[in-house]
Amino acid sequence: MSHSKEHENTENALVKIDLKNAFNCVERDSILKEVLELAPPLYPYLYQCYSDATNLYFKENIVLSQIGAQQGDPLGPLLFCLAIHKSITTLNSPLNVWYLDDGVIGGRPETIIEDLKNLIPTFKELGLEVNPTKCELFCGSMSESSFSALQTLLPGIKRLDKASLSLLGAPIFPEGVSAALRTKKDALVAARNHLTNLSSHVSMTLLRHCFATPRMTYILRTSPSWQFPESAKEIDQELKSTLQLILNVDLTDTQWIQASLPIRHGGLGIRRVEDIGLIAFLASAHGTVDLVTRILALNGGNSPVPFVSEALAKWSASMPGDARPDDPAVQRQWDDIWSRDIYNSLLTDASGVDLARLKALAQPESGAWMHALPSPQLGTLLDNDSLRIAVALRLGASVCESHRCRCGAMVEANGHHGLSCQRCAGRFPRHQSINEIIRRAMVSASVPCVLEPPGLSRADGKRPDGLTLIPWRRGRCLLWDATCVSTFAASHLRQTTRCAGSAAESAAKLKHTKYSALESRYDFVPVAIETAGPWGSEARRLIAELGRRLRERGCDPRSGSYLVQQISIAVQRGNAAGRQLLGLGDSLPF
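The model shown is predicted, which means the values in this text are computed figures rather than measured ones.

A few words on the pairing of strand S15 (residues 523-530). With eight of eight residues buried, S15 lies mostly within the body of the structure. Neither face of S15 is left uncovered, since the one carrying Asp523, Val525, Val527 and Ile529 and the one carrying Phe524, Pro526, Ala528 and Glu530 both have all their residues buried. Here eight bridges tie strand S14 (residues 476-485) to S15, and the two strands are oriented parallel to one another. From the neighbouring strand, valine 485 faces S15, where its bridge partner is glutamate 530.

It is worth spelling out the environment of glutamate 37 at this point. With respect to the helices and strands, glutamate 37 occurs in helix H2 (residues 28-38). Measuring from C-alpha to C-alpha, the distance between glutamate 37 and leucine 82 comes to 9.6 Å, with 45 residues separating the pair along the chain.

Right, let's talk about the environment of tyrosine 47 for a bit. Position of tyrosine 47 among the secondary structure elements: in helix H3 (residues 43-50). A sequence separation of 80 residues divides tyrosine 47 from glycine 127, and the C-alpha atoms of the two residues are 19 Å apart.

Further remarks concern the sheet that holds strand S6 (residues 136-139). Adjacent strands of a sheet pair through backbone hydrogen bonds, lying either parallel or antiparallel. With mixed pairing, five strands are arranged side by side in an open sheet as S4-S5-S1-S6-S7. Both outer strands of the open sheet, strand S4 (95-99) and strand S7 (158-159), are each paired with one neighbouring strand and no more. In terms of strand pairing, S6 meets S7 through two bridges, oriented parallel. Across the sheet, leucine 137 pairs through a bridge with arginine 159, a residue of S7.

In a regular helix each residue adds 1.5 Å, so 19 residues correspond to 27 Å; helix H7 (residues 177-195) covers 27 Å between its end C-alpha atoms and thus fits that length. Among the residues making up H7, those that are buried are Val177, Ala180, Leu181, Lys185, Leu188, Ala191, Arg192 and Leu195. Projection of H7 onto a plane perpendicular to its axis shows the buried side chains occupying an angular sector of 140°, all on one side. In this structure, H7 carries Asn193 and His194 as exposed residues pointing more than 90 degrees from its buried face. For H7, the secondary structure elements touched by its buried residues are strand S9 (170-171), helix H8 (200-211), helix H9 (213-222) and helix H10 (229-247).

For the rest of this paragraph, the subject is the packing of aromatic side chains. Counting across every chain of the model gives eight aromatic pairs. Centre to centre, the rings of phenylalanine 138 and phenylalanine 173 are 5.4 Å apart; their planes meet at 40°, and the pair counts as tilted. Taken as a pair, phenylalanine 138 in strand S6 and phenylalanine 173 in the loop between S9 and H7 lie far apart in primary sequence, 35 residues in all. By relative accessible area, which is 5% here, phenylalanine 173 ends up buried. With 4.7 Å between their ring centres and 25° between their planes, tyrosine 515 and phenylalanine 524 make a pair best called stacked. For the pair tyrosine 515 and phenylalanine 524, one class covers both residues: buried. By the ring-pair criterion, three or more aromatic residues cluster together here, those being Trp315, Trp334 and Trp338. Above the face of the tryptophan 472 ring, arginine 549 is positioned so that its terminal group lies 3.8 Å from the ring centre.

Counting 38 residues, the largest nonpolar core has Val15, Ile17, Trp98, Phe123, Leu128, Leu137 and Leu154 as its most contacted members. Breaking this core down by element, the ones donating at least two residues are strand S1 (13-17), H2, H3, helix H4 (76-89), helix H5 (109-125), S6 and helix H6 (144-153). Filtering out sequence-adjacent residues up to four positions away, isoleucine 17 remains in contact with Trp98, Asp101, Asp102, Gly103, Ile105, Leu116, Leu119, Val130 and Cys135. Judged by nonpolar contacts, the second largest core, of 37 residues, contains Val177, Phe228, Ala280 and Val305.

What follows concerns empty space enclosed by the protein. Tallying each qualifying case throughout the model produces three cavities of 30 Å³ or more. If you add up the space inside the largest cavity, you get close to 110 Å³. Together, 13 residues line the largest cavity, and Leu393, Arg394, Thr531, Ala532 and Gln572 are the ones closest to its centre. Of all the elements in the fold, those that place two or more residues in the lining of the largest cavity are helix H15 (352-361), helix H16 (384-395) and helix H22 (559-576).

Any residue range with low pLDDT should be treated as having predicted coordinates unsuitable for detailed reading. Scored by pLDDT, the protein chain has a mean of 88; 94% of the residues are at 70 or more. Element-level mean pLDDT values for the protein chain span from 78 in strand S11 (residues 410-411) up to 96 in helix H11 (residues 253-259). Throughout residues 1-7 the model reports pLDDT below 50, and contacts reaching past four residues in sequence, or to other chains, amount to 10 contacts. Predicted confidence for residues 578-590 stays below pLDDT 50, and this span has 30 contacts to residues more than four positions away or in other chains.

A rise of 1.5 Å per residue sets the reference length of H8, with its 12 residues, at 16 Å; its end C-alpha atoms lie only 14 Å apart and thus fall more than 12% short of the reference. All of the buried residues in H8 are Ser200, His201, Ser203, Met204, Thr205, Leu207 and Arg208.

Bringing the pairing of S14 into the picture now. When you tally the buried positions in S14, you get nine out of 10 residues, the bulk of the element. For strand S13 (residues 466-473) and S14, the ladder comprises four bridges, and the chain directions are antiparallel. Bridge pairing links leucine 467 to leucine 479 in S14. In this antiparallel pair of consecutive strands, S13 and S14, the connection spans two residues, and arginine 474 shows a positive phi of 55°.

What follows concerns the state of the cysteines. Applying the stated criterion across every chain, the model contains zero disulfides. No disulfide involves cysteine 499; its sulfur sits 17 Å from that of cysteine 484, the nearest cysteine. Among the residues examined, cysteine 499 registers a relative accessible area of 45% and is labelled partly exposed.

Before going further, it helps to spend a moment on the sheet that holds S13. If you walk across this open sheet you meet the four strands as S12-S13-S14-S15, and the pairing is mixed. Taken across any chain shown, the strands that pair with only one partner, and hence form the sheet edges, are strand S12 (449-451) and S15. The average angle at which neighbouring strand axes cross in this sheet is 30°, direction not considered. Relative to S13, S12 runs antiparallel, the two sharing three bridges. When the sheet's bridge partners are listed, leucine 451 is paired in S13 with glycine 466.

Here is what the cut-offs are and how they apply
- Residues numbered from 1 in each chain as written.
- Predicted model: local features only at pLDDT ≥ 70, side-chain atom pairs only at ≥ 80, totals over all residues.
- Heavy atoms only, no water.
- Buried < 20%, exposed > 50% of the residue type's maximum accessible area, 1.4 Å probe, protein only.
- Helix = DSSP H or I, 4+ residues; strand = E, 2+ residues; numbered from the N terminus.
- Pairing = 2+ DSSP bridges.
- Expected span 1.5 Å × (residues − 1).
- Arc of directions from axis to C-beta.
- Contact = heavy atoms within 4.5 Å.
- Phe/Tyr/Trp six-rings, centres within 6.5 Å; stacked < 30°, edge-to-face > 60°.
- Lys NZ or Arg CZ within 6 Å of the ring centre and 35° of its normal.
- Core = buried A, V, L, I, M, F, W, Y, C linked by side-chain atoms within 4.5 Å.
- 1 Å grid on protein atoms, 1.4 Å probe; cavity = no way out; pocket = protein on both sides within 12 Å on 5 of 7 lines; lining within 4 Å.
- Points joined across faces, edges and corners; volume = space filled by probe spheres on them.
- pLDDT = per-residue confidence, 0-100.
- Disulfide = S-S within 2.5 Å.
- Axes fitted to C-alpha atoms, helices over the stretch in contact; angles between N-to-C directions.

So this is what it looks like as structure tokens:
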């Protein structure tokens, strides 16, 4: 449909046809007849499935299933389409488009009426019945005689205006976009109360994967939502409010912008409609242009996809250098360009700890914990307070009120002091968890090992964290030692603001120095990780090799990713460290 007003006063009309319980009512004889004619290789198999009635069991009762495709049959949609194929291909309306049981015919009213006179009885022969009260009419101007004739065929048909006309849930005219977005906003608000009754980690995961952008993707890809910034901002404001309520974190405008970025660009993956509306439409338009051209050509038209030129102009005005993706049909490529530009602008405005934080978050391991399924059975569910602190540290939000730590130093609202305080007990369980995760993975990969091997120590008498009991590489057993250093510690900040992961690399070099006496006999690997997420290169290679060995042993193909996620979650739990992060000790004063 064109967005212009050129045809508003013509008698061209459009009728949306709805069928009653279509898949369950089509006659099986008609299905088998059309299969034999149009898809004969399928006939022997489908004859066995549908030539006789099948039994449906309800408690002790048996109900015979004699019509329609069987529930759950993956061939059901194909069989229905084959059954109605001849009926709909004989229509004369210039616009004749069907998606399964949703049909649209358009053209001159007299042509539509004639087609309906033929179609309704033909469908009855197939066992299908048109539901007139759910059929819809859209037209510019229609004579009273034509409208009366149409009402006689479809009594109770609804007449739509431009704001309410949609196909398969997508608004056709710009007048309907705001209402469609408002419906999505209302659904989000309705889901908010239910999300707050769940664990924060579960709620955030559901919001990201189900109730936020995924619920709006279809509308954003099929309509020019980017032309309605006020409606988009209303949804984004509700998204922000919902996220703050779930996380118990107060977000500034800058922190909300970061939170709305993809996880790979340092965000939480809770995407703003304001950001993805344009790129979703551009990707959809480029991906469907050939199909749209073919459909319109079959129906006597050759109009391009509406609003594409306006969308490209807006993209060019928003993006420096007018960067374009290599494959414009892939939404992620548009999104990467857009998100990288936002991320770079955040970097430009940042300094000190914020600069170090943003650079660290761009490393792939930093957001691994956010990809983990929040399951208590798998040990990947963060409690509400740990999630709050993990998100606050990621976004640079306030973790606590400023106060004095029991070590005597001041704890700022960002909570960074607890990540490096020598009296913070969180570092001990974090260290133990990382080593235990590695040990379990080694055992699963059929590499027996022990933690803190007795009789093996460095010059100062301290033992390494783990040792494999069989050779790991070059005939040598693997010796590893884990450490987690603060990205924001004053001793590391100068490095981490220049290069992400530099604190982990420095810690790894220091470990090599301490274990130099043992490196002649063992293959020593320091597992150096930063509190903000980046890993040292040697730790990355070790875990990648361990993941490969797990896959070779027949474990899940994603074992390596799961291992990274578990370690990342262990780091977040250690960062939170409950009360210790706040420097308040083991008991609170109440």
